[in-house]
Amino acid sequence: MVLGYKRWENFIETIKKAMQSCENAGIEVDNHFREVTKMVQIGSGARRNLQDYMLTRYACYLIAQNGDSKKEEIAFAQTYFAVQTRKQEIIEDRIRLMNRLEAREKLKESEKQLSKNIYERGVDDLGFARIRSKGDSALFGGLNTMQMKAKYEVKENRPLADFLPTLTIAAKNLATEMTNYNVTEKDMYGEESITDEHVDNNLSVRNMLNKRGIKPENLKPAEDLKKLERRVKSESKKIADSNQLPKKNK
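Structure report, in brief.

Comments concerning the side chain of Lys 172
And then number 1: Along the chain, the position of Lys 172 falls in helix α6 (residues 166–185).
And then number 2: Sequence-distant contacts of Lys 172, defined by excluding residues within four places in its chain, comprise Leu 107, Glu 111, Asp 136, Leu 139, Phe 140 and Leu 164.

Thoughts on a positive patch on the surface
And then number 1: Together, Lys 108, Lys 155, Lys 226, Lys 227 and Arg 230 make up a region of like positive charge exposed at the surface.
And then number 2: Sorting elements by how many residues they give to the positive patch places helix α8 (residues 225–242) first, with 3 residues.
And then number 3: The topology assignment puts Lys 226 in helix α8.

A short note on unusual backbone geometry
And then number 1: If you check the backbone angles, Glu 153 has positive phi at about 60° while not being a glycine.
And then number 2: Following the sequence through the fold, Glu 153 ends up in the loop between α5 (145–152) and α6.
And then number 3: For Glu 153, a relative accessible area of 72% gives the class exposed.
And then number 4: With a phi angle near 50°, Asp 187 is a residue other than glycine that sits in the positive phi range.
And then number 5: Checked against the element boundaries, Asp 187 lands in the loop between α6 and α7 (191–211).

Some points on the packing of α6 against α7
And then number 1: Axis separation between α6 and α7 bottoms out at 9 Å; the angle between their running directions is 140°. The angle between α6 and α7 falls in the class oblique. The two elements α6 and α7 cross, and the hand of that crossing is right-handed. Residues Leu 167, Ala 171, Leu 174, Ala 175, Thr 176, Met 178, Thr 179, Asn 182 and Val 183 of α6 touch α7, and the partners they reach there are Ile 194, Glu 197, His 198, Asn 201, Asn 202, Val 205, Met 208 and Leu 209.
And then number 2: Class assignment of the residues belonging to the contact of α6 with α7 gives a composition of 10 nonpolar, 6 polar and 1 charged.

A look at the nonpolar core
And then number 1: Residues Phe 140, Tyr 152, Leu 160, Leu 164 and Val 205 are the most contacted members of the largest nonpolar core, which totals 16 residues.
And then number 2: Among the secondary structure elements, those contributing two or more residues to this core are α3 (72–119), α5, α6 and α7.
And then number 3: For this core, the element with the highest residue contribution is α6, accounting for 3 residues.
And then number 4: Ignoring anything within four residues of it in the chain, the contact list for Leu 160 reads Asp 136, Phe 140, Thr 145, Met 148, Lys 149 and Tyr 152.

A short note on the pattern of salt bridges
And then number 1: Here the structure, examined in full by the defined rule, presents 11 salt bridges.
And then number 2: As a salt-bridge pair, Asp 162 and Arg 104 come within 2.8 Å of each other at their nearest N and O atoms. In this pair, Asp 162 is assigned in the loop between α5 and α6 and Arg 104 in helix α3, connecting sequence segments 58 residues apart. Assigned by exposure class, Asp 162 and Arg 104 land together as buried.
And then number 3: Between Asp 187 and Arg 121 there is a salt bridge, with the nearest N and O atoms lying 3.6 Å from each other. Here the residue Asp 187 occupies a position in the loop between α6 and α7, and Arg 121 occupies one in the loop between α3 and α4 (125–139), the gap between them amounting to 66 residues.
And then number 4: By relative accessible area, which is 56% here, Asp 187 ends up exposed.

Quick notes on the layout of surface pockets
And then number 1: By volume, the largest pocket is sized at about 220 Å³.
And then number 2: In this structure, the largest pocket is lined by 14 residues; those nearest its centre are Arg 132, Asp 136, Thr 145, Lys 149 and Leu 160.
And then number 3: Looking at the lining of the largest pocket, the elements that each hand over two or more residues are α3, α4 and α5.
And then number 4: Here the lining of the largest pocket takes 5 residues from α4, the largest share from any one element.

Rules and cut-offs
- Residues numbered from 1 in each chain as written.
- Predicted model: local features only at pLDDT ≥ 70, side-chain atom pairs only at ≥ 80, totals over all residues.
- Heavy atoms only, no water.
- Helix = DSSP H or I, 4+ residues; strand = E, 2+ residues; numbered from the N terminus.
- Contact = heavy atoms within 4.5 Å.
- Patch = residues over 30% accessible without salt bridge, like charges linked within 9 Å, V, L, I, M, F, W, Y side chains within 5 Å.
- Areas by Shrake-Rupley, 256 points an atom, 1.4 Å probe, with all protein chains shown as cover.
- Salt bridge = Lys/Arg side-chain N within 4 Å of Asp/Glu carboxyl O.
- Lys, Arg positive; Asp, Glu negative; His and termini not counted.
- Charge placed at Lys NZ, Arg CZ, Asp CG, Glu CD.
- Buried < 20%, exposed > 50% of the residue type's maximum accessible area, 1.4 Å probe, protein only.
- Axes fitted to C-alpha atoms, helices over the stretch in contact; angles between N-to-C directions.
- Parallel < 35°, antiparallel > 145°, perpendicular 65-115°, else oblique.
- Left-handed = near helix turned anticlockwise from the far one by under 90°.
- Nonpolar A, V, L, I, M, F, W, Y, C, P; charged D, E, K, R; others polar.
- Core = buried A, V, L, I, M, F, W, Y, C linked by side-chain atoms within 4.5 Å.
- 1 Å grid on protein atoms, 1.4 Å probe; cavity = no way out; pocket = protein on both sides within 12 Å on 5 of 7 lines; lining within 4 Å.
- Points joined across faces, edges and corners; volume = space filled by probe spheres on them.

Written as structure tokens, this is what we have:
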């Protein structure tokens, strides 16, 4: 008995439906369904050829989707593939999260270094905030940090970078690293000269992005990093809890 089908002929019909679904999706059927024959023993030592199929994982998925969901085995197979699909989505979410977290951490470190560098050159915390905001204004086409927060509907006490897409975080980091380098190499001093340097670097990065048709201020905000991190952890746990074999009947 295959997936709850008592007759091979009935199961063949489900395979044919799955093959049709594959074809309708524009996918080469032969790459996933391969008809073969195998020798089986039928009694008294006699053997005969029996029709069979070689199937890929995708083919198995289509068979489950086209099967009779009233059959327990088909229902379980459908649930299994649904869980596997969700697991893949969770993995992709986690990859995006890790990429953003890595970019965000790099920006934190470069801004921390900038704060240290300019403090040693006569700029206090308020001056650092002004330099960073003017740099944002250069990068975002005239919109400073607070204006970008308003555009993205970010609370005043939250960092703008926690809501920026990975590309924008990387752009801010590049401009900040350039400022760090030149502040040190050229031994700059005072808020005015360092502000000019940081603005120029952000404008350079903006111009580079513009040449590729990208305007940072027009990119959609990304999901709050903190919320994304909590969601990925929560959904990963749900998948782990649900990915269990059915209980045996007593």
